[in-house]
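# Structure assessment
Chain residues, written in single-letter form:
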Amino acid sequence: MPSEKRARQRAGREYRLAEEARAKKRRKQIRNVIVVAVIALVVVGIVFLTSSNSPKKSSSTTTTTTTSSTTTTTTSSTTTTTAGPITAIPSADLSPVGTTGKAPTLVVPTGSPPTNLESADLIEGSGAAAVAGDKLTVEYELGTYSTHKVVQSSWTSKPLQFTLGKGQVIPGWDEGMVGMKVGGRRELIVPPSLGYGSSSPGTGIAANDTLVFIVDLQKIG
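These figures come from a predicted structure and were not determined experimentally. (Residues numbered from 1 in each chain as written. Predicted model: local features only at pLDDT ≥ 70, side-chain atom pairs only at ≥ 80, totals over all residues. Heavy atoms only, no water.)

### Looking at the pairing of strand S2 (residues 117–123)
Counting buried positions along S2 gives 6 out of 7 residues, so the element sits mostly inside the fold. In the sheet, strand S1 (residues 86–88) pairs with S2 via 3 bridges, with the strands oriented parallel. What sits directly across from threonine 87, in S2, is glutamate 118. Across 5 bridges, S2 lies against strand S6 (residues 185–190) in antiparallel orientation. Across the sheet, residue serine 119 finds its bridge partner in S6, namely leucine 188. (Buried < 20%, exposed > 50% of the residue type's maximum accessible area, 1.4 Å probe, protein only. Helix = DSSP H or I, 4+ residues; strand = E, 2+ residues; numbered from the N terminus. Pairing = 2+ DSSP bridges.)

### With respect to the packing of aromatic side chains
In total, this model carries 4 aromatic pairs according to the counting rule given. Centroid distance tyrosine 140 to tryptophan 173: 5.5 Å. Interplanar angle 85°. Geometry classified as edge-to-face. With tyrosine 140 in strand S3 (residues 135–144) and tryptophan 173 in helix H2 (residues 171–176), the pair connects residues that are 33 residues apart, well separated along the chain. The exposure class of tyrosine 140 is buried, given its relative accessible area of 15%. (Phe/Tyr/Trp six-rings, centres within 6.5 Å; stacked < 30°, edge-to-face > 60°.)

### Some points on the environment of proline 109
As for its placement among the helices and strands, proline 109 is situated in the loop between S1 and S2. Placed 14 residues apart in sequence, proline 109 and serine 95 show a C-alpha to C-alpha distance of 8.5 Å. Ignoring any residue separated from it by four or fewer positions in sequence, one finds proline 109 in contact with Asp93, Tyr145, His148, Ile189 and Val212. (Contact = heavy atoms within 4.5 Å.)

### Regarding the pattern of salt bridges
Inspection of the entire model under this criterion finds 2 salt bridges. Residues arginine 186 and aspartate 121 are paired through a salt bridge, measuring 2.7 Å at the closest nitrogen-oxygen approach. Taken together, the residues span a long stretch of sequence, with arginine 186 in strand S6 and aspartate 121 in strand S2 at a distance of 65 residues. Residues aspartate 216 and arginine 185 are paired through a salt bridge, measuring 2.7 Å at the closest nitrogen-oxygen approach. With a gap of 31 residues between them, aspartate 216 in strand S7 (residues 211–220) and arginine 185 in strand S6 connect regions that are remote in the sequence. The pair formed by aspartate 216 and arginine 185 is uniform in burial state, with each residue classed as buried. (Salt bridge = Lys/Arg side-chain N within 4 Å of Asp/Glu carboxyl O.)

### Brief notes about unusual backbone geometry
Even without a glycine there, the phi angle at histidine 148 is positive, about 55°. Structurally, histidine 148 is set in the loop between S3 and strand S4 (149–153). Positive phi is not limited to glycine here, since asparagine 208 has a value of about 60°. Position of asparagine 208 relative to the elements: it lies in the loop between S6 and S7.

### Considerations on a positive patch on the surface
Together, Lys24, Arg26, Arg27, Lys28 and Arg31 give the surface a local cluster of positive charge. Take lysine 28: it is sitting in helix H1 (residues 2–53). (Patch = residues over 30% accessible without salt bridge, like charges linked within 9 Å, V, L, I, M, F, W, Y side chains within 5 Å. Areas by Shrake-Rupley, 256 points an atom, 1.4 Å probe, with all protein chains shown as cover. Lys, Arg positive; Asp, Glu negative; His and termini not counted. Charge placed at Lys NZ, Arg CZ, Asp CG, Glu CD.)

### Some points on the confidence of the model for the protein chain
Summing up the model confidence of the protein chain, the mean pLDDT is 81 and the portion of residues at 70 or higher is 74%. Contacts for the low-pLDDT stretch residues 53–83, under 50 throughout, to residues beyond four places or in other chains number 4 contacts. (pLDDT = per-residue confidence, 0-100.)

### Brief notes about the environment of lysine 166
Turning to its location among the elements, lysine 166 is positioned in the loop between strand S5 (160–163) and H2. Overall, the relative accessible area of 58% leaves lysine 166 in the exposed class. Distance from lysine 166 to alanine 132, taken between C-alpha atoms, is 7.7 Å for residues 34 residues apart in sequence. In this view, lysine 166 contacts Gly133 and Asp174; residues no more than four positions away in its chain are not counted.

The structure is reproduced here in C-alpha cells:
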C-alpha cells in the first residue's frame, strides 16, 4: 500500500508540474501576443505620423508664366569724340612761320586731308604751357580744305577767350592746344571728327570739312 500511495503522490507531482509547464507556456504565448500587438501599434502609429507630416502632392497643375522684359536703350544725339593720335604736320604742308604779333599767312595744303589731328609749332613760345582748365587768350586764322582759303580771322576783330578742355571750342582745339606756350604760334589741321562734323556752322565751312588753323597764344589766365 505504501508503494501505491507514493505512486499516486508521484503522479500528482508530475501532473502539477505538467500543469505549471502548460500554464507557463500559455503565459509566454500571451506575452508574445501582447508584444506583437504593441509592436504593430507602434508601427501603425509611426506610419500614420509620417504620412500626416509629409507634404502632399497637389493634383492640380501649376503653370508658371515668364514675362519677357524689353529694355529700350535710347542713344543720345550728342557725339562723344575719342581722342586719337596727334601727328606732326609734314614740312611740305606747313604755312610760313611769320612774325609774332602780326597776322600769319595761312596756306591750306593741296594734298588729301589727313584723318588724324596734325600739329606743328611754327613759333615755340616761352613761359607757362597751357593745360586743361586754363583760360586762354588767342588770335587765330581759319582756312578750310573745301575753299583752300582763309574764311575766319580774329586779327580783324578781337582776340578769342575760352577755357581749355571745357568743350567751349571744337575738340581739335581742346586737344591740340594742350602744351602750347605763351608767345607761341601753332598750326593745327583738324579732321571733321574733331571739328564740326557733318554740320556746317557758317560760310566757307562745308559739312565734313577739314580745318586749318594758325593760333597765337597771347595769354594764360
